[in-house]
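Secondary and tertiary structure notes
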Amino acid sequence: MAQGEAKTLKYSPVIGLEIHVELNTKTKMFCRCLADYFAKKPNTHTCPVCLGLPGALPYINQEAINKCLLIGLALECQVSSESRFERKNYFYPDLPKGYQISQYRWPLCKNGKLKLSDGTIVNINRVHQEEDTGKLMHQGEDTVVDFNRSGVPLVEIVTEPDFTTSEAVREYAKSLQQLFRYLKVSNADMERGDMRLEANISLRPEGQTELPAYRVELKNINSFSFMVKAIEYEIKRQSEELEKGTKLTQQTRGWDDNKKVTYPQREKEEAHDYRYFPEPDLPEIMISMNQIDQIKSEMPELPLQAQKRLVEKLGITVSDAQILTENAEKLTYFEEAVELAIAEQVSPKQVANEILNRGVDIQKTSIIELVNSLVQRRSAVISDDETIRSWAKEAITENPQAVSDYKNGKTNAIMSLVGSVMRKSQGRADANIVKQLLEKLLYV
Amino acid sequence: MNISDLDLIDTINALDNKQFSLNELTGAYSERIKKYNGELNAFISENEVVDGIPVGVKDVFCTAGLQTTAGSKILEGFIPPYNATVVERLLTKDVGVIGKTNCDEFAMGSSGENSGFGVSKNPWDKSKVSGGSSSGSVVAVAADLCVFSLGTDTGGSIRQPASLSGVVGLKPSYGRVSRYGVIPMASSLDCPGPITKSVRDARQVLQWISGPDGYDSNCFNSKLKDQSSKLENLKGLKIGVPKEYFGKGLNPEVESVIQGAIKKLAELGAKIIDISLPHTEYAIAAYYILMSSEVSSNLARFDGIRFGKTRDNFGMEVKRRIMLGTFSLSSGYYDDYFNKAAKVRTLIKKDFEEAFNPSTGGVDVIVGPVSPTTAWNIGEKISDPLAMYLSDIYTVPASLAGIPGISLPGGYANELPVGLQILAPYMREDLVLDVAEVYEQNTNWHKEKPRL
């Protein structure tokens, strides 16, 4: 729908994305408190450092730096041999020091990229390390602070303004979520706030190459679908405003899912001057080539690499491979099942089919159960050529459209014939044999 | 024997030889605090139970269970739940905190007059300032109200008051001593260090408190040179005398004391070499930008919400530096101020590196005055902050460079103490201490005591 509308637009969207992800390190970014704060008793994972008590100092958690580098390298970034922590100064009750230790001029990783499924490249401006804030909770009239989250390591990934559609934003964000899970650096759960999205969006007249003079920041949006809706709403809203001749200005907006609208949160005049400067309590971070090589050597297989392997080595279709590699757990389950299945002369395709089309719950079904059921079903499978041939002939006469489509080069059309035969066999026919047979019959 | 006359080393020996008990020791000092602190105002708070060799701790060091104010009304009543690393280390060496010493508010000042708890008075002349910011720490040592004390030196806050009050004050290299638990003024400059009755005491305390703790990322593991090796004389030693430290503004009487000290060093075998540290004149300007920038950020946590009082309890000087620093870091000004000052800092560091460079015939140590004047009258410079800032002109360059320096008694001008400053390359406290100790052993200045 969004694309249909976009065609009638005189304006094209310019969208950049910032993603924050909380790392799953054992301890916090700059102190030894446990970093896991979820559902813990408030203010129990705290110390002078993360409470910002007078005299307390930050001390770098190397595990967090390594995980940040892992993300950066997976996104093909350049790792800075020298980078720095910097202070971002602002007041907020959840920020006990009055500044957040972050990175600005000297990020750990920069200039990376990610390729989307349609081949477009999203350029990554930077991947940097920072710390999370405490959490405000509103209890009736009161607002209280829980500092368990204060100082939890956070990585920020900022793209160039390379997106033009909400769907591309969704795909990118989902790919990053998948990546975080593959790298085992974060649970990347949106609802728990492990992963947070911010989009910068503005419109420019079609054909214009320079960036618009304003941008709207969409913040505090905690699901992929809300983000997509908010972006689509903004494209429509901004284009209507521009159409009316309104001069749009810098603004931060949130998403109201009840009203399905974005609403203003902060105007430009209220924008902070963060007065960034190098964090004097911490030394420069020096990263050697050896360290980079070490981290690269620990890099697990990434989703795209795994997909390629499934397609090339196991003969799985691209779309099936995409689903099987959605998360590392599913992939491991599939691969272990395949190993067992091959010994039982069950093909990887059948295993994939079983997992994907029969909706096997991989949490509940053991690999042995899965393969056993495949082996048992095989004995019931009809692979008798003559029986299948008669069904196939019937299917061809019953589906002239599919047949002519196929003969006109739409090879996919054969699948509806296969489906027809499968229905006749009540699912017992061997789909591979059916397909081969149909191909033979139609070739004539 | 007067117990409170003894320096730390003699005190430890006397305790070991059972010449007096720990109770007698702490009793003797507590007695003196009772007698003299009312007038001198060296301590902001006193510890009720002293279980060890009495140390006076500048009130910027967090002490668990003991009020820690940083000399500011905003922190009056603040009781930290933890000890600074340095305090923690002393407690394992049978040292006990006898009290928290007075200081300029958040260590900002050169006279002690910016304390929220009143000025500390110079024991040599109570109408004079003690120097600052470690004002109470030097007064307590000079008046024998503790065996030694702890101070912090950001732009001269150990060396300058040590000079004005006639005690030994050692500013270690930046990163030699952990800053954990020390309420910061400027994080890239703050150096905790000892204030003592003798050079050998400073050596001992430094050994106790230095080294990384896993809490200060800027504290480096650089081993202190063998502490037992001490020089007999200064034969073969090259001492640099920077011409920029003897310019306009140096009081002639102070100058003649320092020239006398240099002559003594020459007599002891040192080769005196005139050198130049050409960027010295930019040090104060660069320092006030960098320091105040860090101050503006470091003091943000004192928002009056979770601890301490409201921000109207900040004193004038603190407010001045917060505003100065906030301005320097503001968008559009960063490059002209902060960034430029950072470049000046690099040039000043290079000045020292070149002066000390052995491959170009550089010197081993640098000597000069600590302060352009002796202690001035209380109230004299309070309304002229710039004049006050300029009194740090000989101490600030070493702070910006991060190198070690000491002030030790070098003579008297108009019956007021004059400190001799000795600077050495980064992490070469051993050189500073060795030269200082030879000088001390061959002079009698340190034996003088103020008449209270």
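Each chain has its residues counted from 1, running along the sequence as written. Labels follow written order: the first chain is A, the first ligand is 1, and so on. Per-residue local features of the predicted model are confined to residues with pLDDT of at least 70, and side-chain atom pairs are confined, for both listing and counting, to 80 or more; whole-chain, interface and lining totals are unaffected and use all residues. Computation of side-chain values: all heavy atoms of the structure, hydrogens and water removed.

Here we come to the overall build of chain B. Helices and strands together make up the secondary structure of chain B, namely 13 helices and eleven strands. Across its three principal axes, chain B shows a C-alpha extent of roughly 60 × 55 × 45 Å. Burial classes follow relative accessibility: with a 1.4 Å probe on protein chains only, a residue under 20% of its type's maximum area counts as buried, one over 50% as exposed, and anything between as partly exposed. Counting across all 452 residues of chain B, residues that qualify as buried make up 64%. Note on areas: these come from Shrake-Rupley sampling with a 1.4 Å probe, and a residue is covered only by the protein chains present in the view. Roughly 16000 Å² of accessible area belongs to chain B as shown, and the carbon and sulfur atoms make up 50% of that amount. Counting rule for charge: Lys and Arg are taken as positive, Asp and Glu as negative, and neither His nor the chain ends is counted. Charge positions are represented by NZ for Lys, CZ for Arg, CG for Asp and CD for Glu. Once the 46 positive and 52 negative side-chain charges of chain B are each reduced to a mean point, those two points are 2 Å apart. Secondary structure is summarised from DSSP: a helix means a run of H or I of at least four residues, a strand means a run of E of at least two, and numbering begins at the N terminus for each.

Right, let's get into the domain arrangement of chain A. Domain limits in this description derive from either an automatic procedure or a database domain assignment. Per the domain assignment, the segments of chain A are domain 1 (2-297), domain 2 (303-380) and domain 3 (385-443). Computed from C-alpha atoms alone, the centre-to-centre distance between domain 1 of chain A and domain 3 of chain A is 51 Å.

This part takes up the state of the cysteines. Our working definition of a disulfide is a cysteine sulfur pair at a distance within 2.5 Å. Scanning all chains against the criterion turns up zero disulfides over all chains. The structure places no disulfide on C62 of chain B, whose sulfur is separated from the nearest cysteine sulfur, that of C103 of chain B, by 12 Å.

The next point concerns the UniProt feature "active site" (unreviewed entry) in chain B. All names here are of chain B. Mapped onto this numbering, the UniProt entry gives "active site" (unreviewed entry) at K58, S133 and S157. Maximum C-alpha separation among the annotated residues is 11.1 Å over a sequence range of 100 residues, consistent with a single clustered spot. Set against the second largest cavity, the annotated residues that line it come down to S157. Counting through the fold element by element, K58 comes out in strand β2 (residues 53-58). In this structure, K58 is in contact with K100, T101, C103, A107, S133, S134, S137, L150, G151, T152 and S157, ignoring residues within four places of it in sequence. Here a polar contact means two N or O atoms within 3.5 Å. Within protein one must be a hydrogen donor candidate and the other an acceptor candidate, and residues neighboring in sequence count only if both atoms are side-chain atoms. Here the side chain of K58 touches S133 through a polar contact of 2.8 Å, side chain to side chain. With respect to the element layout, S157 can be found in the loop between β4 (148-153) and α5 (159-165). Beyond its immediate chain neighbours, meaning those up to four positions away, S157 contacts K58, A107, G109, G132, S133, S134 and T152. UniProt positions are given in the numbering used here, feature names are shortened, and annotations may be inferred rather than shown by experiment. The definitions used throughout rest on a 1 Å grid laid over the protein atoms alone, on which a cavity is an enclosed set of points accommodating a 1.4 Å probe that cannot get out and a pocket is an open set flanked by protein within 12 Å on both sides along at least five of seven lines; lining residues are those having an atom within 4 Å of a point. In this analysis, two residues are considered to be in contact whenever any of their non-hydrogen atoms come within 4.5 Å of each other.

Put simply, a salt bridge is a Lys or Arg side-chain nitrogen that is within 4 Å of an Asp or Glu carboxyl oxygen. As enumerated under the stated definition, the model contains 47 salt bridges over all chains in all. The shortest N-O distance in the salt bridge between R428 of chain B and D430 of chain B comes to 3.0 Å. By relative accessible area, which is 27% here, R428 of chain B ends up partly exposed. By relative accessible area, which is 9% here, D430 of chain B ends up buried. Taken together, the shared-partner salt bridges in this structure form one network comprising R87, E279 and D281 of chain A together with R179 and D216 of chain B.

As a further point, take the nonpolar core. I71, I157 and Y172 of chain A together with F106 of chain B are the most contacted members of the largest nonpolar core, which totals 210 residues. For this core, the leading source of residues is helix α8 (residues 283-298) of chain B, giving nine residues. In contact with I71 of chain A, other than residues within four places in its own chain, are V21, L23, V127, V155, I157, F180, L183 and V185 of chain A. By nonpolar core is meant a set of buried Ala, Val, Leu, Ile, Met, Phe, Trp, Tyr and Cys residues that side-chain atoms within 4.5 Å join together. In terms of nonpolar packing, the next biggest core, distinct from the first, is built from 22 residues, L310, L324, I355 and I367 of chain A among them.

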